[in-house]
Amino acid sequence: TWFDPVAFCEALVNECQTTSGRNHRWELINHLTQHKVYLDQALLQQVLLNVLSNAVKYSPAHSQITLEMRDRPGGIQFSVRDEGIGLDPQDPPRLCDLFYRGSNVGTTPGTGLGLAIAKRCLDLCGGEISFENLPEGGLRVAIALPFHKTLQSSR
Ligand code: ATP
Ligand code: MG
């Protein structure tokens, strides 16, 4: 369906904020040149909720989480940036493997399924996910999603 990605992300952020029980400073930055996008909402929600909940889980309360949206040829890119522990550079690049949990998690609970689910969702629609430790600390997760090809031209 067509929907407003900004309103959609605001709702997701509110959901994360209320369910996490921890206060973060949320920032939503929109660089998109269009007001409506055509994507599978349920799929996008599944992906973003997993990534946002990780940002909440692996960063201290009251730190900032930034969700950015920008145009990308034939699609859209979301990026989620936190000020948390980041990845252990010694860990293998297996974040999206089933049940994989990094050595950075300490006592933070989890099943290691969140990113495996997100990755499989993205595989279904030709999307991609990548991870990058930030020089100032924290992790940046980039999510690229193509729009539905046949509908792209009908706008
Ligand atoms: P689950 O999501 O199933 O509750 P989980 O969060 O451990 O458990 P994933 O979401 O699949 O599992 O993440 C896999 C691993 O990637 C985590 O265990 C952690 O090591 C690392 N990771 C994911 N997001 C972050 C982040 N924002 N900061 C630091 N490490 C992260
Ligand atoms: Mg997770």
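As shown above, the structure is provided for reference.
Structural notes, computed from the coordinates. (Residues numbered from 1 in each chain as written. Chains lettered and ligands numbered in written order. Predicted model: local features only at pLDDT ≥ 70, side-chain atom pairs only at ≥ 80, totals over all residues.)

**With respect to the pairing of strand β7 (residues 139-146)**
Line of reasoning, step 1. When strand β5 (residues 75-81) meets β7, the two strands line up antiparallel, connected through seven bridges. Across the sheet, the residue bridging to arginine 81 is arginine 140, located in β7.
Line of reasoning, step 2. Judged from the six bridges that link them, strand β6 (residues 128-133) and β7 form a sheet pairing that is antiparallel. Each bridged residue has a counterpart across the sheet, and for glutamate 128 the counterpart in β7 is alanine 144.
Line of reasoning, step 3. Taking the residues that link successive antiparallel strands as the turn, the β6-β7 hairpin has five residues, and the phi of glycine 137 there is positive, at about 100 degrees. (Pairing = 2+ DSSP bridges. Helix = DSSP H or I, 4+ residues; strand = E, 2+ residues; numbered from the N terminus.)

**Some words on the environment of cysteine 96**
Line of reasoning, step 1. Following the sequence through the fold, cysteine 96 ends up in the loop between β5 and α3 (114-124).
Line of reasoning, step 2. On the neighbour-count criterion, cysteine 96 (18 C-beta atoms within 10 Å) is partly exposed.
Line of reasoning, step 3. In this structure the C-alpha to C-alpha distance between cysteine 96 and serine 20, which are 76 residues apart in sequence, comes to 22 Å. (Buried ≥ 20, exposed ≤ 12 C-beta atoms within 10 Å, placed from the backbone.)

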